[in-house]
Protein chains: 2
Amino acid sequence: MKVELENVKPMDIEKRSFEIITEELGDTPLLPGTELVVKRCIHTSADFDYAKNLCFSENAVEKAIQAIKDGACIVTDTQMAKAGINKRVLARYGGEVYCFMSDEDVAKIAKENGSTRATASMDKAAGLDKKLIFAIGNAPTALVRLYELIEEKKLDPELIIGVPVGFVNVVQSKELIMHTDVPYIVARGRKGGSNIAACICNALLYMIDNNRG
Amino acid sequence: MKVELENVKPMDIEKRSFEIITEELGDTPLLPGTELVVKRCIHTSADFDYAKNLCFSENAVEKAIQAIKDGACIVTDTQMAKAGINKRVLARYGGEVYCFMSDEDVAKIAKENGSTRATASMDKAAGLDKKLIFAIGNAPTALVRLYELIEEKKLDPELIIGVPVGFVNVVQSKELIMHTDVPYIVARGRKGGSNIAACICNALLYMIDNNRG
């Protein structure tokens, strides 16, 4: 057996991982202020494509951090993304995480309208009287509906994290969001996922407060 | 605005996605019987690396399917992976999903031992008197502990899904599992994640029963 384990203490694993990522990024250019978001996406996926595909609207990170400090809530399009977000740090500033995908009324409306549950759950979220950050890691139809709601002036979110993954309308739905005036963090192209959506939320939360417990 | 959406009905999106994946894979060789697992990993990540990095022990898919039909339970190392697994299909065969990462006793033991919660939660899982499939998408320390428990004859799992992601001991921990006699599905290298762990479970579940509701 030739497998040799590196001797790193549990509490130092993340630090060591970020050192390796920084080292391997070398002189890859990253937008100032976005480095921790980009590196956490690479940490979550071991995929250095995120150094190139992540797009940020002007001051998106600063605006998102201010929104969280002001008590913004996060809406996800999967229970998986909701499960991955550090809710304790968010709660310190008054925020909560919502996912309406499994709600009975959402399933009913989607069926009646021949739409997706993701579409119907964005409509439900738009009815919340709160500052909102959307973290979309799965359904391009969620992003398309957010685009429509913004165009119809029915929604004015603090930030859209647009990182659905996949092959049908994923690329297009992200481009739509980048055509709005809303702050965004988008993984251009096909890649993304619930894990990436959660990890971008956590990157923002840890930039405010690295005490995760 | 030049963004044009493809007109695909909600219920046809997944089918269309798999068609695109199949088309782009072209004549990439896939091990017979593993195609649906590989394609679902690509579907979940939009990352064609999984066509090359997924390794299967002999008849791993068939053995896993039999274990699920016999009521095997799934143990994960994150709440996110647990959230992503289709628990309704699993429940039809009597299985449940366990994740002990947030348990107080696990946190206490990890602290006392200077180990990770992932290590302690594998020890807790080994005490279950059930057929077990482990789906590890995050912590290489979980895989290392599983390897030790197997070597010490304290654990004989039906399958290990070894897909932690990252930079410290991730590659090595996967090689350890591939040195055991236990059936495995491993994403060789750094890539993987809770989403990949959940998606491999779901691929197996849908091969048994594609009625997901």
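Residues numbered from 1 in each chain as written. Chains lettered and ligands numbered in written order. Predicted model: local features only at pLDDT ≥ 70, side-chain atom pairs only at ≥ 80, totals over all residues. Heavy atoms only, no water.

### Details of the interface of chain A and chain B
Taken together, the contact pairs 45 residues of chain A with 45 residues of chain B. In total, about 3500 Å² of surface goes out of reach between chain A and chain B, with carbon and sulfur atoms giving 72% of it. There are two salt bridges connecting chain A and chain B. The residue Glu-24 of chain A makes a salt bridge to Arg-190 of chain B at a minimum N-O spacing of 2.5 Å. (Contact = heavy atoms within 4.5 Å. Buried area = accessible area lost by both parts, 1.4 Å probe. Salt bridge = Lys/Arg side-chain N within 4 Å of Asp/Glu carboxyl O.)

### With respect to the packing of helix 1 (residues 13-25) of chain B against helix 2 (residues 35-45) of chain B
Residues and elements named next belong to chain B. At their nearest, the axes of helix 1 and helix 2 sit 10 Å apart, and the two run at 110° to each other. With respect to each other, helix 1 and helix 2 are oriented roughly perpendicular. Each of Glu-14, Ser-17, Phe-18, Ile-21, Thr-22 and Leu-25 in helix 1 lies in contact with helix 2, whose residues at this interface are Lys-39, Arg-40, Ile-42 and His-43. Split into classes, the residues belonging to the contact of helix 1 with helix 2 amount to four nonpolar, three polar and three charged. (Axes fitted to C-alpha atoms, helices over the stretch in contact; angles between N-to-C directions. Helix = DSSP H or I, 4+ residues; strand = E, 2+ residues; numbered from the N terminus. Parallel < 35°, antiparallel > 145°, perpendicular 65-115°, else oblique. Nonpolar A, V, L, I, M, F, W, Y, C, P; charged D, E, K, R; others polar.)

### Quick notes on the relation of the copies chain A and chain B
Once chain A has been moved 0.0 Å along the axis and rotated by 180°, it coincides with chain B to within an RMSD of 0.0 Å. The transformation relating the two chain copies, once decomposed into turn and shift, fits a two-fold axis. Considering only C-alpha atoms, the residue of chain A closest to the rotation axis is Met-80 of chain A, which sits at 2.5 Å. By residue overlap, the copies meet face to face through one surface: 100% of the interface positions of chain A are interface positions in chain B. (Least-squares fit on C-alpha atoms with pLDDT ≥ 70 in both.)

### Comments concerning empty space enclosed by the protein
In total, this model carries one cavity of 30 Å³ or more according to the counting rule given. Along the walls of the largest cavity sit 15 residues, with Ser-45 and Asp-47 of chain A together with Ser-45, Asp-47 and Tyr-50 of chain B positioned nearest its centre. If you list the elements that add at least two residues to the lining of the largest cavity, you get helix 2 (35-45) and helix 11 (194-208) of chain A together with helix 11 (194-208) of chain B. Taken together, the residues of the lining of the largest cavity break down into four nonpolar, seven polar and four charged. (1 Å grid on protein atoms, 1.4 Å probe; cavity = no way out; pocket = protein on both sides within 12 Å on 5 of 7 lines; lining within 4 Å. Points joined across faces, edges and corners; volume = space filled by probe spheres on them.)

### Looking at the packing of aromatic side chains
Applying the stated criterion across every chain, the model contains four aromatic pairs over all chains. Seen from their ring centres, Phe-48 of chain A and Phe-167 of chain B are 6.1 Å apart, and the 85° between their planes marks the pair as edge-to-face. Placement of Phe-48 of chain A in the loop between helix 2 and helix 3 (50-53) and of Phe-167 of chain B in the loop between strand 5 (159-162) and helix 10 (170-178) is noted, with the two residues assigned to different chains. A relative accessible area of 9% means that Phe-167 of chain B is categorised as buried. With a centroid separation of 5.8 Å and an interplanar angle of 25°, the aromatic rings of Tyr-98 of chain A and Phe-100 of chain A are classed as stacked. (Phe/Tyr/Trp six-rings, centres within 6.5 Å; stacked < 30°, edge-to-face > 60°. Buried < 20%, exposed > 50% of the residue type's maximum accessible area, 1.4 Å probe, protein only.)

### Things to note about the UniProt feature "domain: Cobalamin biosynthesis precorrin-8X methylmutase CobH/CbiC" (unreviewed entry) in chain A
As recorded in UniProt, the feature "domain: Cobalamin biosynthesis precorrin-8X methylmutase CobH/CbiC" (unreviewed entry) lies at residues 12-207 of chain A. Secondary structure content for residues 12-207 of chain A is 54% helix and 12% strand, and the end C-alpha separation is 18 Å. (UniProt positions renumbered as here; feature names shortened; annotations may be inferred.)

### Digging into the pattern of salt bridges
Taken as a whole, this structure holds 30 salt bridges over all chains when the rule is applied. Ionic pairing is found between Lys-15 of chain A and Glu-19 of chain A, a salt bridge with its closest N-O pair at 3.6 Å. Residue Lys-15 of chain A and its partner Glu-19 of chain A are both found in helix 1 (residues 13-25); the two are separated by four residues, about one turn of the helix. Here Glu-19 of chain A falls in the partly exposed class, since its relative accessible area comes to 36%. The closest approach of N and O atoms between Arg-145 of chain B and Glu-148 of chain B, which form a salt bridge, is 2.8 Å. With Arg-145 of chain B and Glu-148 of chain B both in helix 9 (residues 140-151), this residue pair falls three residues apart, about one helical turn. Under the relative-accessibility criterion, Arg-145 of chain B is labelled buried at 16%. Residue Glu-148 of chain B is classed as partly exposed on the basis of its relative accessible area, which comes to 31%.

### What about the sheet that holds strand 3 (residues 97-99) of chain A?
All names here are of chain A. Across the sheet, six strands lie side by side as 1-6-5-4-2-3; this open sheet has mixed pairing. On the outer flanks of this sheet lie strand 1 (54-56) and strand 3, each paired with one strand and no other. Going across the sheet, the axis of each strand differs from the next one's by a mean of 15°, ignoring polarity. Inspection of the sheet shows strand 1 paired to strand 6 (residues 184-187) by three bridges, in the antiparallel sense. Residue pairing across strands places Cys-55 opposite Val-186, the latter belonging to strand 6. (Pairing = 2+ DSSP bridges.)

### Describing the packing of helix 2 of chain B against helix 11 of chain B
All names here are of chain B. Helix 11 packs onto helix 2 with a crossing angle of 135° between their chain directions and a minimal axis gap of 9 Å. Here helix 11 runs oblique to helix 2, going by the angle between their axes. Here the hand of the crossing between helix 2 and helix 11 comes out right-handed. Touching Leu-36, Val-37, Arg-40, Cys-41, Thr-44 and Ser-45 of helix 2 are Asn-195, Ile-196, Cys-199, Ile-200, Asn-202, Ala-203, Leu-204, Tyr-206 and Met-207, all from helix 11. (Left-handed = near helix turned anticlockwise from the far one by under 90°.)

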